[in-house]
Amino acid sequence: MPEGPSIVILRELIEDLHLEGSKLVDVVGTTELDKERMVNQKVIEFKTWGKHFLICFEDFALRIHLMMFGSYRINERKESKPKIGLIFKTAELNFYTCDLKYIEGNLDDTYDWTADIMSEAYNINHTVKSLKEHNNSFVCDVLLDQDVFAGSGNIIKNEVLYRIKVQPLTKIGDLSTAKLKSLTTATQQYAFDFLKWKKENTLKKHWEVYGKKTCPRHHTIIKKNLGKNKRVSFYCPECQKLIELHKK
DNA sequence: AAGGATGTTGCCTG
DNA sequence: TCAGGCAACATCCT
(Lines give C-alpha, C1' and ligand atoms only; values in the text may rest on other atoms or scores of the structure.)
Protein backbone atom coordinates (compact mmCIF):
# COMPACT_ATOMS: atom_id res chain seq x y z
CA MET A 1 0.00 0.00 0.00
CA PRO A 2 2.36 2.75 1.07
CA GLU A 3 5.19 4.90 -0.34
CA GLY A 4 4.55 8.60 -0.34
CA PRO A 5 2.45 8.87 -3.52
CA SER A 6 -0.05 6.28 -2.28
CA ILE A 7 -0.53 8.30 0.88
CA VAL A 8 -1.11 11.44 -1.17
CA ILE A 9 -3.85 9.56 -3.03
CA LEU A 10 -5.42 8.67 0.31
CA ARG A 11 -5.31 12.31 1.41
CA GLU A 12 -6.86 13.50 -1.84
CA LEU A 13 -9.68 10.95 -1.59
CA ILE A 14 -10.44 12.10 1.93
CA GLU A 15 -10.16 15.78 1.05
CA ASP A 16 -12.91 15.20 -1.52
CA LEU A 17 -15.28 14.47 1.37
CA HIS A 18 -14.82 18.00 2.73
CA LEU A 19 -14.66 16.89 6.33
CA GLU A 20 -12.41 19.71 7.50
CA GLY A 21 -14.19 21.64 10.22
CA SER A 22 -16.52 18.77 11.14
CA LYS A 23 -16.46 16.90 14.41
CA LEU A 24 -15.96 13.24 14.98
CA VAL A 25 -19.19 11.67 16.16
CA ASP A 26 -17.56 8.44 17.29
CA VAL A 27 -14.25 6.63 17.16
CA VAL A 28 -14.17 2.83 17.11
CA GLY A 29 -11.60 0.12 16.54
CA THR A 30 -9.24 -2.31 18.20
CA THR A 31 -6.49 0.20 18.87
CA GLU A 32 -5.17 0.61 22.41
CA LEU A 33 -4.98 4.33 21.75
CA ASP A 34 -7.30 6.61 23.72
CA LYS A 35 -10.12 6.90 21.18
CA GLU A 36 -12.29 9.11 23.40
CA ARG A 37 -9.81 11.89 22.98
CA MET A 38 -10.96 12.49 19.42
CA VAL A 39 -14.70 12.20 19.98
CA ASN A 40 -16.39 15.59 19.51
CA GLN A 41 -13.12 17.05 18.31
CA LYS A 42 -13.12 19.08 15.16
CA VAL A 43 -10.77 18.01 12.37
CA ILE A 44 -8.78 21.01 11.21
CA GLU A 45 -6.96 19.45 8.29
CA PHE A 46 -5.68 16.26 6.67
CA LYS A 47 -1.99 16.27 5.90
CA THR A 48 0.74 13.92 4.75
CA TRP A 49 4.43 13.77 5.46
CA GLY A 50 6.24 11.04 3.57
CA LYS A 51 4.37 7.83 4.39
CA HIS A 52 2.56 9.42 7.33
CA PHE A 53 -1.12 10.31 7.06
CA LEU A 54 -2.00 13.00 9.56
CA ILE A 55 -5.38 13.96 10.91
CA CYS A 56 -4.93 17.31 12.57
CA PHE A 57 -6.93 18.53 15.55
CA GLU A 58 -6.65 21.72 17.55
CA ASP A 59 -3.45 20.87 19.42
CA PHE A 60 -2.58 17.32 18.43
CA ALA A 61 -2.71 15.06 15.41
CA LEU A 62 -3.37 11.39 14.79
CA ARG A 63 -0.56 9.86 12.78
CA ILE A 64 -1.51 6.83 10.71
CA HIS A 65 1.20 4.68 9.15
CA LEU A 66 0.06 1.90 6.85
CA MET A 67 3.35 0.04 7.19
CA MET A 68 3.70 -2.85 4.72
CA PHE A 69 0.20 -4.35 4.90
CA GLY A 70 -2.06 -1.48 5.86
CA SER A 71 -5.30 -0.71 4.08
CA TYR A 72 -8.26 1.62 4.36
CA ARG A 73 -11.88 1.92 3.37
CA ILE A 74 -13.74 5.14 2.88
CA ASN A 75 -17.46 4.83 3.62
CA GLU A 76 -17.06 1.08 3.47
CA ARG A 77 -16.02 -1.67 5.88
CA LYS A 78 -13.98 -4.80 5.53
CA GLU A 79 -14.96 -8.06 7.17
CA SER A 80 -12.34 -7.60 9.85
CA LYS A 81 -12.55 -4.96 12.54
CA PRO A 82 -10.65 -1.77 11.84
CA LYS A 83 -7.67 -0.77 13.93
CA ILE A 84 -9.39 2.58 13.98
CA GLY A 85 -12.67 3.80 12.54
CA LEU A 86 -13.41 7.51 12.46
CA ILE A 87 -17.11 8.21 12.30
CA PHE A 88 -18.30 11.58 11.08
CA LYS A 89 -21.93 12.60 10.58
CA THR A 90 -21.55 12.33 6.81
CA ALA A 91 -18.75 9.82 6.35
CA GLU A 92 -16.61 7.15 7.93
CA LEU A 93 -12.94 6.37 7.52
CA ASN A 94 -11.68 2.90 8.41
CA PHE A 95 -8.02 1.94 8.73
CA TYR A 96 -6.71 -1.63 9.02
CA THR A 97 -3.35 -3.05 10.11
CA CYS A 98 -1.74 0.27 10.66
CA ASP A 99 0.47 1.90 13.23
CA LEU A 100 -1.20 4.73 15.14
CA LYS A 101 0.28 7.45 17.25
CA TYR A 102 -0.66 10.84 18.62
CA ILE A 103 1.62 13.71 17.71
CA GLU A 104 1.42 16.42 20.35
CA GLY A 105 1.55 20.13 19.66
CA ASN A 106 2.51 21.83 16.45
CA LEU A 107 3.33 19.45 13.60
CA ASP A 108 6.07 21.80 12.45
CA ASP A 109 8.01 20.80 15.55
CA THR A 110 7.90 17.14 14.50
CA TYR A 111 8.13 17.24 10.74
CA ASP A 112 10.65 18.75 8.37
CA TRP A 113 8.43 19.43 5.37
CA THR A 114 11.41 20.21 3.14
CA ALA A 115 12.39 16.52 3.28
CA ASP A 116 9.01 15.25 2.02
CA ILE A 117 9.46 14.31 -1.63
CA MET A 118 5.75 14.96 -2.30
CA SER A 119 5.61 18.31 -0.54
CA GLU A 120 5.57 21.74 -2.16
CA ALA A 121 8.15 22.59 0.47
CA TYR A 122 10.54 19.87 -0.76
CA ASN A 123 13.88 21.55 -1.18
CA ILE A 124 16.60 20.30 -3.51
CA ASN A 125 19.48 22.20 -1.91
CA HIS A 126 18.42 21.19 1.57
CA THR A 127 18.30 17.55 0.51
CA VAL A 128 21.69 17.72 -1.19
CA LYS A 129 23.02 19.16 2.06
CA SER A 130 21.60 16.33 4.14
CA LEU A 131 22.95 13.81 1.61
CA LYS A 132 26.43 15.16 2.24
CA GLU A 133 26.09 14.17 5.88
CA HIS A 134 25.88 10.56 4.64
CA ASN A 135 29.02 10.35 2.54
CA ASN A 136 29.82 6.89 3.83
CA SER A 137 26.33 5.47 3.19
CA PHE A 138 25.23 3.47 0.19
CA VAL A 139 22.86 5.29 -2.11
CA CYS A 140 20.39 2.37 -1.83
CA ASP A 141 20.19 2.93 1.95
CA VAL A 142 19.87 6.68 1.75
CA LEU A 143 16.96 6.36 -0.69
CA LEU A 144 15.06 4.57 2.05
CA ASP A 145 16.09 6.96 4.82
CA GLN A 146 12.95 8.85 5.73
CA ASP A 147 14.92 11.69 7.28
CA VAL A 148 16.52 12.34 3.89
CA PHE A 149 13.81 11.29 1.40
CA ALA A 150 10.55 11.17 3.33
CA GLY A 151 8.06 9.14 1.33
CA SER A 152 10.57 7.20 -0.75
CA GLY A 153 10.23 3.43 -0.63
CA ASN A 154 11.67 0.36 -2.26
CA ILE A 155 9.98 0.85 -5.63
CA ILE A 156 11.03 4.49 -5.85
CA LYS A 157 14.55 3.54 -4.76
CA ASN A 158 15.06 1.00 -7.53
CA GLU A 159 13.42 2.99 -10.30
CA VAL A 160 15.28 6.20 -9.43
CA LEU A 161 18.66 4.44 -9.41
CA TYR A 162 17.93 3.04 -12.83
CA ARG A 163 16.85 6.42 -14.16
CA ILE A 164 20.03 8.13 -13.01
CA LYS A 165 22.18 5.08 -13.91
CA VAL A 166 23.73 4.63 -10.49
CA GLN A 167 24.57 1.25 -8.98
CA PRO A 168 22.86 0.69 -5.59
CA LEU A 169 26.11 0.14 -3.67
CA THR A 170 27.63 3.45 -4.74
CA LYS A 171 28.70 5.54 -1.75
CA ILE A 172 27.16 8.99 -1.53
CA GLY A 173 30.66 10.41 -1.13
CA ASP A 174 31.58 9.04 -4.56
CA LEU A 175 28.89 11.06 -6.30
CA SER A 176 29.55 14.59 -7.51
CA THR A 177 27.38 17.44 -6.28
CA ALA A 178 25.78 17.57 -9.71
CA LYS A 179 24.93 13.87 -9.48
CA LEU A 180 23.53 14.31 -5.96
CA LYS A 181 21.33 17.02 -7.38
CA SER A 182 20.10 14.66 -10.11
CA LEU A 183 19.39 12.04 -7.47
CA THR A 184 17.37 14.55 -5.51
CA THR A 185 15.35 15.86 -8.45
CA ALA A 186 14.90 12.39 -9.98
CA THR A 187 13.42 11.11 -6.72
CA GLN A 188 10.87 13.90 -6.67
CA GLN A 189 10.12 13.44 -10.37
CA TYR A 190 9.67 9.69 -10.07
CA ALA A 191 7.41 10.14 -7.05
CA PHE A 192 5.07 12.31 -9.11
CA ASP A 193 5.20 9.90 -12.05
CA PHE A 194 4.34 7.15 -9.56
CA LEU A 195 1.39 9.23 -8.35
CA LYS A 196 0.07 9.78 -11.88
CA TRP A 197 0.54 6.13 -12.91
CA LYS A 198 -0.95 4.81 -9.68
CA LYS A 199 -4.06 6.90 -10.31
CA GLU A 200 -4.25 5.54 -13.87
CA ASN A 201 -3.64 2.04 -12.58
CA THR A 202 -0.61 1.74 -14.85
CA LEU A 203 2.16 1.85 -12.27
CA LYS A 204 3.42 -1.70 -12.77
CA LYS A 205 3.45 -1.28 -16.53
CA HIS A 206 5.95 1.54 -16.16
CA TRP A 207 8.46 -0.31 -14.00
CA GLU A 208 11.84 -0.45 -15.73
CA VAL A 209 13.69 -2.60 -13.18
CA TYR A 210 11.53 -3.25 -10.13
CA GLY A 211 10.30 -6.83 -10.32
CA LYS A 212 11.73 -7.19 -13.84
CA LYS A 213 13.98 -9.77 -15.44
CA THR A 214 15.48 -7.46 -18.07
CA CYS A 215 15.96 -3.72 -18.31
CA PRO A 216 14.52 -1.59 -21.17
CA ARG A 217 17.78 -2.13 -23.06
CA HIS A 218 17.34 -5.91 -22.75
CA HIS A 219 20.15 -6.58 -20.28
CA THR A 220 19.63 -9.13 -17.53
CA ILE A 221 18.70 -7.51 -14.25
CA ILE A 222 20.27 -8.51 -10.94
CA LYS A 223 18.02 -8.99 -7.93
CA LYS A 224 19.88 -8.89 -4.64
CA ASN A 225 19.41 -7.85 -1.04
CA LEU A 226 21.83 -4.98 -0.60
CA GLY A 227 22.83 -2.30 1.87
CA LYS A 228 22.57 -2.11 5.60
CA ASN A 229 18.87 -2.84 5.55
CA LYS A 230 19.18 -5.74 3.08
CA ARG A 231 16.12 -4.65 1.16
CA VAL A 232 15.85 -6.09 -2.31
CA SER A 233 17.54 -4.14 -5.06
CA PHE A 234 16.87 -4.63 -8.77
CA TYR A 235 19.52 -3.17 -11.01
CA CYS A 236 21.12 -3.52 -14.40
CA PRO A 237 24.86 -4.21 -14.19
CA GLU A 238 25.30 -2.81 -17.69
CA CYS A 239 23.37 0.44 -17.40
CA GLN A 240 24.29 1.06 -13.76
CA LYS A 241 28.00 0.46 -13.44
CA LEU A 242 29.73 0.80 -10.10
CA ILE A 243 32.50 3.10 -11.20
CA GLU A 244 33.97 6.41 -10.20
CA LEU A 245 32.60 7.95 -13.36
CA HIS A 246 30.39 10.21 -11.29
CA LYS A 247 33.26 11.65 -9.31
CA LYS A 248 34.18 15.02 -10.59
C1' DA B 1 -0.34 -22.73 -2.12
C1' DA B 2 3.90 -21.42 0.02
C1' DG B 3 6.50 -17.61 -0.13
C1' DG B 4 7.47 -13.00 -0.66
C1' DA B 5 6.60 -8.15 -0.40
C1' DT B 6 5.41 -0.85 -1.59
C1' DG B 7 7.79 -0.78 6.27
C1' DT B 8 9.44 0.19 10.82
C1' DT B 9 10.65 -0.66 15.56
C1' DG B 10 12.75 -2.64 19.22
C1' DC B 11 14.84 -6.44 21.49
C1' DC B 12 18.66 -9.65 21.81
C1' DT B 13 23.29 -10.95 21.29
C1' DG B 14 28.19 -11.11 20.65
C1' DT C 1 28.80 -0.64 24.51
C1' DC C 2 26.77 -0.60 20.61
C1' DA C 3 26.09 -2.17 15.93
C1' DG C 4 24.06 -5.70 13.50
C1' DG C 5 20.76 -9.22 13.14
C1' DC C 6 16.40 -10.61 13.42
C1' DA C 7 11.68 -11.17 15.12
C1' DA C 8 7.40 -9.01 15.37
C1' DC C 9 3.43 -6.88 13.51
C1' DA C 10 -0.33 -8.71 10.02
C1' DT C 11 -2.20 -9.03 4.67
C1' DC C 12 -2.61 -9.97 0.05
C1' DC C 13 -1.13 -11.48 -4.33
C1' DT C 14 1.07 -14.73 -7.29
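Residues numbered from 1 in each chain as written. Chains lettered and ligands numbered in written order. Predicted model: local features only at pLDDT ≥ 70, side-chain atom pairs only at ≥ 80, totals over all residues. Heavy atoms only, no water.

**Quick notes on the sheet that holds strand β8 (residues 99–104)**
Within a sheet, each strand pairs with its neighbour through backbone hydrogen bonds, oriented either parallel or antiparallel. This is how it is decided: Strands were regarded as paired on the criterion that DSSP finds at least two bridges between them. A helix here means a DSSP run of H or I that spans at least four residues, while a strand means a run of E at least two residues long, and both kinds are numbered starting from the N terminus. To obtain an axis, a line is fitted to C-alpha atoms, over the contacting stretch when the element is a helix, and the angle between two such axes runs from 0 to 180 degrees between their N-to-C directions. Any two residues having at least one pair of non-hydrogen atoms within 4.5 Å are treated as being in contact.
Strand order in the open sheet made by the four strands is β2-β3-β4-β8, with antiparallel pairing throughout. A single partner strand is all that each edge strand has here, and the edge strands are β2 (45–49) and β8. This sheet shows a mean twist of 25° between the axes of neighbouring strands, independent of strand direction. Where β2 meets strand β3 (residues 52–56), five bridges bridge the pair, whose relative direction is antiparallel. Across the sheet, residue Thr48 finds its bridge partner in β3, namely Phe53. Contacts between helix α1 (residues 4–15) and the sheet are confined to β2 and β3, with β2 contributing the most and set at about 170° to the helix.

**Things to note about the protein's contact with DNA strand B**
The line we're drawing: Near residues are defined by distance, with any heavy atom within 4 Å of the molecule or strand qualifying the residue. Pairing of N or O atoms within 3.5 Å defines a polar contact, subject to two protein rules: one partner must be a possible hydrogen donor and the other a possible acceptor, and residues neighboring in sequence count only if both atoms are side-chain atoms. We call Asp, Glu, Lys and Arg charged. Ala, Val, Leu, Ile, Met, Phe, Trp, Tyr, Cys and Pro are nonpolar, and the rest, Gly among them, are polar.
The immediate surroundings of DNA strand B are formed by 16 residues, with Pro2, Lys51, Met68, Tyr210 and Arg231 found nearest. The share of sugar and phosphate among atoms of DNA strand B within 4 Å of the protein is 66%. Here a phosphate oxygen of DNA strand B and a side-chain polar atom of His65 are 3.3 Å apart. Within the contact set of DNA strand B, a phosphate oxygen lies 3.0 Å away from a side-chain nitrogen or oxygen of Lys223. Sorting the residues of the surface near DNA strand B by element identifies α4 (154–163) and β10 (231–235) as the ones contributing at least two each. Here the residues of the surface near DNA strand B are counted per class, giving eight nonpolar, four polar and four charged.

**Looking at the packing of aromatic side chains**
Working definition: an aromatic ring pair is given by the centre-to-centre distance plus the angle between the planes. As a reminder of what qualifies: To pair, rings of Phe, Tyr and Trp, with the six-membered ring standing in for Trp, must have centres within 6.5 Å; the planes then decide the type, stacked if under 30 degrees apart, edge-to-face if over 60, and tilted in the middle. Burial status follows relative accessibility: with a 1.4 Å probe on protein chains alone, a residue under 20% of its type maximum counts as buried, one over 50% as exposed, and anything between as partly exposed.
Applying the stated criterion to the full structure yields 11 aromatic pairs. Here the aromatic rings of Trp49 and Tyr111 are separated by 5.0 Å at their centres, their planes lie at 40°, and the arrangement is tilted. Of this pair, Trp49 sits in strand β2 while Tyr111 sits in the loop between β8 and α2 (124–131), and the two are 62 residues apart along the sequence. Across the pair, exposure class does not vary: Trp49 and Tyr111 are buried alike. Taking 6.4 Å as the distance between ring centres and 90° as the angle between the ring planes, the aromatic pair formed by Tyr190 and Phe194 counts as edge-to-face.

**Comments concerning the domain arrangement of chain A**
Condition: Domain start and stop positions are those given by an automatic or database domain assignment. Summed over both partners, the accessible surface that disappears when two parts come together, traced with a 1.4 Å probe, is what is meant by buried area. We count a salt bridge whenever a side-chain nitrogen from Lys or Arg sits within 4 Å of a carboxyl oxygen from Asp or Glu.
You can read the domains of chain A as domain 1 (4–109) and domain 2 (113–235). Taking only C-alpha atoms into account, the centre of domain 1 sits 28 Å from that of domain 2. Across the boundary between the two partners, domain 1 contributes 14 residues, which contact 14 residues of domain 2. Interface area, domain 1 with domain 2, both sides summed: about 1200 Å², of which 68% is carbon and sulfur. Broken down residue by residue, the surface that domain 1 buries against domain 2 is led by Pro5, Trp49 and Lys51, which jointly contribute 45%. At the junction of domain 1 with domain 2, the criterion picks out one salt bridge. The salt bridge partner of Glu12 is Lys199, with a shortest N-O separation of 2.9 Å. Where domain 1 meets domain 2, there are five residue pairs in polar contact (both at pLDDT 80 or more). Of all elements in the fold, only α1 and β2 reach the threshold of two or more residues within the side of domain 1 that touches domain 2.

**Some points on unusual backbone geometry**
Although it is not a glycine, Met67 sits at a positive phi angle of roughly 50°. Mapped onto the secondary structure, Met67 falls in the loop between β4 (60–65) and β5 (71–74). Unusually for a residue other than glycine, Asn75 sits at a positive phi of about 55°. By the element assignment, Asn75 lies in the loop between β5 and β6 (84–88).

**Overview of the pattern of salt bridges**
By the definition in use, this model includes nine salt bridges. Measuring nitrogen to oxygen at the nearest pair gives 2.8 Å for the salt bridge that ties Glu104 to Arg37. With Glu104 in strand β8 and Arg37 in the loop between β1 (24–28) and β2, this residue pair connects regions lying 67 residues apart in the sequence. For the salt bridge of Arg163 with Asp193, the shortest nitrogen-to-oxygen distance reads 2.8 Å. With Arg163 in helix α4 and Asp193 in helix α5 (residues 177–200), the pair connects residues that are 30 residues apart, well separated along the chain.

**With respect to the sheet that holds β5**
Strand order in the open sheet formed by four strands is β1-β6-β7-β5, and the pairing between neighbours is antiparallel. Only two strands of the sheet have a single partner each, and these edge strands are β1 and β5. Mean inter-strand twist for the sheet, computed between neighbouring axes without regard to direction, equals 10°. As paired strands, β5 and strand β7 (residues 92–96) are joined by four bridges and run antiparallel to one another. Across the sheet, Tyr72 pairs through a bridge with Phe95, a residue of β7. Against the sheet, α1 touches β5 and β7, its axis set at about 15° to β5.

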